[in-house]
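# A structural walkthrough
Here's the letter readout for the chains.
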Amino acid sequence: MPVPLLDLKAQYATLQDELDAAIRDVVESQYFVMGPQVVGLEEEIAAYTGAPFAVGVASGTDALLIPLIALEPKAEEEVVIPSFTFFATAGAVWNAGFRPVFCDVDPDTFNVTAETLEASMSERTRVVVPVHLFGQMAPMVEINRMACGHEGVLVMEDAAQAIGAAQRDEGGAMRRAGAAGFGAAFSFFPTKNLGGFGDGGMVTLFDEDFSDRIAKLRVHGGRQMYHHEMVGTNSRLDALQAAVLRVKLKHLDGWAEGRRTNACRYHERLKEVAELRLPVVAEGNHHVYNQFTIRAERRDELRAFLSDREIGSGIYYPKPLHLQECFAELGHREGEFPVTERLCGEVLSLPIFPELGEERVDEVAAAIRDFYGYGG
Ligand SMILES: Cc1ncc(COP(=O)(O)O)c(C=O)c1O
């Protein structure tokens, strides 16, 4: 049977009555913008992540952009980000008025490390952005320690793909993504582990004044209508999305367990395939597998082979950010970030969604084994 990369209809089918009722309630209230559903979700996400403040915005991109704008960048100030991530991380830095400075990543976890970030820092660095790629947190204890050695440098998590991911902190307790830096950005794009019925995002923060600034910037720079303390924008989270997300949030940890079970089964089935490198979970990390991403020899041939068998897969990401045309003026060259460049030619994300089930994991694994000439 065909195996899609992601099947959102399967998730909807399990919660249809609850979701439809939540939407109907909003429609009946005719309270579509901000209001109690948004405030409710903000409180629930703050409690879930462990960060004291949460501000809903229109997308994950805005959840990165608005806090960066709130820092009021000065000319030539820099933000260090990985070259191996989704474009939004770099786009937000650029659009906020900072200069994006790229860094390389670890070849096993796909994440930045304190060392790769620090290697790209200068006296102009104002912020570093560890991206918790594919649902696994970057090493925040080491990154925060490193940043502390650079006066005034803030650590902002790009947690767009990692809601529910956690990591052991210095004291040995598990700390969730969103509560491990100065602030964090989440995306509720439908393909995320907590996905809405459209765009949505959230910023989590520890600083009340800064959180207040972001709450103002998302509604044209003021809390009181027609009184503007600063020039903001319209980046409100809509009430229908908040209502959907509040229903889904209750199931998030269960879904993550489903993803982790699938990941375990892939590991079991694929461990002997020498042509692959399976995803590595760093010590102390709770991975929530927004993507299950392997490194594969002859990746493009493997992908075509899977596609012929109606098995979906994805390439996240095919081209490093430092080599994107729009950043040509930054003057980067091929070879500057070798791990990122290599990963772009090797990575392949396999179906991992929670409703996938053992049988389909086995089917995908069997097809991969077949491709490389391993028995069933
Ligand atoms: C790492 C990363 N950062 C930022 C974003 C932006 O989120 P959104 O698509 O909700 O704007 C995404 C989402 O795709 C992402 O994967």
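Quick caveat, the model's predicted, so the values are computed rather than measured. Every chain is numbered on its own, with residues counted from 1 as its sequence reads. It should be noted that, the model being predicted, local features are given only for residues of pLDDT at least 70 and side-chain atom pairs only at 80 or more, the latter also being counted only at that level, while totals for whole chains, interfaces and linings use all residues. Values shown for side chains rest on all heavy atoms present in the structure; no hydrogens or waters enter the calculation.

### Examining the pairing of strand E4 (residues 125-128)
To keep things clear, this is the line we draw: Any two strands with at least two DSSP-identified bridges between them are counted as paired. Helix and strand assignments follow DSSP, with helices taken as H or I runs no shorter than four residues and strands as E runs no shorter than two, numbered in order from the N terminus. Orient the strands so they point away from the viewer; a crossover is then right-handed if the path from the first strand over the helix to the second runs clockwise.
The sheet contact formed by strand E2 (residues 78-82) and E4 spans 3 bridges and is parallel. Looking at the pairing, valine 79 lines up with valine 127 of E4. For the handedness criterion, the β-α-β arrangement of E4, helix H6 (residues 140-148) and strand E5 (residues 154-158) is classed as right-handed.

### What about helix H7 (residues 208-217)?
Under the convention used in this document: Type-normalised accessible area, obtained with a 1.4 Å probe on protein chains alone, sets the label of each residue: buried when under 20%, exposed when over 50%, and partly exposed for intermediate values. Contacts are assigned to residue pairs that have any heavy atoms within 4.5 Å of one another.
Here H7 has its buried residues at Phe210, Ser211, Ile214, Ala215, Lys216 and Leu217. Residues of H7 that are buried sit in contact with strand E1 (53-57), helix H3 (60-70) and strand E9 (201-205).

### Some details on the site of the ligand
This is how the line gets drawn: When we say a residue is near a molecule or strand, we mean one of its heavy atoms is within 4 Å of it. Polar contacts here mean pairs of N or O atoms no more than 3.5 Å apart (in protein, one a potential hydrogen donor and the other a potential acceptor; neighbouring residues in sequence count only if both atoms are side-chain atoms). Only the protein chains shown count as cover for residues, with accessible areas throughout obtained via the Shrake-Rupley method and a probe of 1.4 Å.
Of all residues adjacent to the ligand, which total 15 residues, the nearest are Thr61, Asp158, Gln161, Ser187 and Lys192. One of the side-chain N or O atoms of aspartate 158 is found 2.8 Å from a nitrogen atom in the ligand. When the ligand sits alone it has 390 Å² of accessible area, and the protein chains cover 92% of it. Ranked by residues supplied to the shell around the ligand, first place goes to H3 with 3 residues.

### As for the side chain of arginine 175
Note on placement: arginine 175 falls in strand E7 (residues 174-176). If we skip the residues at most four places from it in the chain, arginine 175 touches Met137, Val141, Asn144, Ala165, Ala166, Gln167, Asp169, Glu170 and Ala180.

### Comments concerning the pattern of salt bridges
Where charged atoms from two side chains of opposite charge approach closely, those side chains can pair. The condition is simple: The term salt bridge refers to a side-chain nitrogen of Lys or Arg lying within 4 Å of a carboxyl oxygen of Asp or Glu.
On inspection of all chains with the given rule, the structure shows 23 salt bridges. Arginine 213 is paired through a salt bridge with glutamate 72; the nearest N and O atoms lie 3.1 Å apart. With arginine 213 in helix H7 and glutamate 72 in the loop between H3 and E2, this pair connects stretches of sequence that are 141 residues apart. The salt bridge partner of arginine 309 is aspartate 370, with a shortest N-O separation of 2.4 Å.

### Considering the sheet that holds E7
Read from one edge of the open sheet, 3 strands run E7-E6-E11, paired in antiparallel fashion. Two strands bound the open sheet, and with one partner strand each, they are E7 and strand E11 (285-286). In this structure, strand E6 (residues 166-168) lies alongside E7, joined through 3 bridges in antiparallel fashion. Residue arginine 168 lies in a different strand from E7, and its bridge partner there is methionine 174.

### Section: the nonpolar core
Put simply, the rule is: Nonpolar cores were defined as sets of buried Ala, Val, Leu, Ile, Met, Phe, Trp, Tyr and Cys residues, with membership established by side-chain atoms within 4.5 Å. All domain edges in this entry derive from an automatic or database-based domain assignment.
Ranked by internal contacts, the top residues of the largest apolar core, which has 110 residues, are Phe84 and Leu350. Formed jointly, this core draws a minimum of three residues from each of two domains, domain 1 (8-249) and domain 2 (252-371). In this structure phenylalanine 84 touches Val105, Phe110, Leu133, Phe134, Tyr316, Tyr317, Thr340, Leu343, Cys344 and Val347, once residues within four positions along its chain are discounted. Counting residues in hydrophobic clusters, the runner-up holds 9 residues, among them Leu19, Ala239, Val247 and Trp255.

### Notes on the sheet that holds strand E3 (residues 99-103)
For clarity, the cut-off: Only the stretch in contact is used when a helix axis is fitted, and all axes are lines through C-alpha atoms; the angle between N-to-C directions ranges over 0 to 180 degrees.
If you walk across this open sheet you meet the 7 strands as E1-E9-E8-E5-E4-E2-E3, and the pairing is mixed. Edge positions in the sheet fall to E1 and E3, since each has one partner strand and no second. Recorded for the sheet is a direction-independent mean angle of 25 degrees between the axes of neighbouring strands. Relative to E9, strand E8 (residues 183-187) is paired through 5 bridges, and the arrangement is antiparallel. By the bridge assignment, alanine 184 is partnered in E9 with threonine 204.

### Re a negative patch on the surface
Condition: Each patch is assembled from residues with relative accessible area greater than 30% and no salt bridge, linking like charges that lie within 9 Å and nonpolar side chains (Val, Leu, Ile, Met, Phe, Trp, Tyr) that lie within 5 Å. Under the counting rule used here, the positive set is Lys and Arg, the negative set is Asp and Glu, and His together with the chain ends is not counted. To locate a charge, take NZ of a lysine, CZ of an arginine, CG of an aspartate or CD of a glutamate.
Together, Glu115, Glu118, Glu142 and Glu170 line one region of the surface with negative charge. Within the secondary structure, glutamate 115 is located in helix H5 (residues 114-119).

### Notes on the packing of aromatic side chains
Worth spelling out the cut-off: To pair, rings of Phe, Tyr and Trp, with the six-membered ring standing in for Trp, must have centres within 6.5 Å; the planes then decide the type, stacked if under 30 degrees apart, edge-to-face if over 60, and tilted in the middle.
Scanning the model with the defined rule gives 16 aromatic pairs in all. Both rings, one in phenylalanine 84 and one in phenylalanine 110, keep their centres 6.2 Å apart while their planes meet at 40 degrees; by these two values the pair is tilted. Here phenylalanine 110 lies in the loop between E3 and H5 and phenylalanine 84 lies in the loop between E2 and helix H4 (87-96), a separation of 26 residues in the sequence. When its relative accessible area of 1% is taken as the criterion, phenylalanine 84 is described as buried.

### Digging into a nonpolar patch on the surface
Taken together, the side chains of Val27, Phe32 and Val33 make up a nonpolar region of the molecular surface, amounting to roughly 210 Å² of accessible area. Position of valine 27 relative to the elements: it lies in helix H1 (residues 8-29). Among the residues examined, valine 27 registers a relative accessible area of 36% and is labelled partly exposed.

### Focus: the side chain of aspartate 158
Its place among the elements puts aspartate 158 in strand E5. The charged side chain of aspartate 158 is buried without a salt bridge, its nearest counter-charge being lysine 192 at 8.1 Å. At a separation of 3.1 Å, a polar atom in the side chain of aspartate 158 contacts the main-chain amide nitrogen of alanine 160. Discounting residues that sit within four places of it in the chain, aspartate 158 has contacts with Leu64, Thr89, Val129, Pro130, Val131, His132 and Ala185.

### Considering the domain arrangement of the chain
What counts here: Buried area adds together the accessible area that both of two parts lose upon being put together, with accessible area traced by a 1.4 Å probe. Put simply, Ala, Val, Leu, Ile, Met, Phe, Trp, Tyr, Cys and Pro go in the nonpolar bin, Asp, Glu, Lys and Arg in the charged bin, and everything else, Gly too, in the polar bin.
On domain assignment, one finds that the chain holds domain 1 (8-249) and domain 2 (252-371). Between the C-alpha centres of domain 1 and domain 2 the distance comes to 24 Å. Each partner contributes to the interface: domain 1 provides 45 residues, whereas domain 2 provides 36 residues. Carbon and sulfur atoms supply 61% of the area buried between domain 1 and domain 2, which totals about 3,700 Å² over both sides. Looking only at domain 1, the three residues that lose the most surface to domain 2 are Phe102, Phe134 and Asn193, adding up to 19% of its buried area. Taken together, the connections running from domain 1 to domain 2 amount to 2 salt bridges. Measuring nitrogen to oxygen at the nearest pair gives 3.4 Å for the salt bridge that ties aspartate 253 to arginine 176. The tally of links between domain 1 and domain 2 comes to 26 residue pairs in polar contact (both at pLDDT 80 or more). Elements that contribute at least two residues to the side of domain 1 that touches domain 2 include exactly H1, H4, E3, E6, E7 and helix H8 (239-249). Counting residues per element, the side of domain 1 that touches domain 2 draws most heavily on E3, which supplies 4 residues. Classifying every residue of the side of domain 1 that touches domain 2 gives 25 nonpolar, 12 polar and 8 charged.

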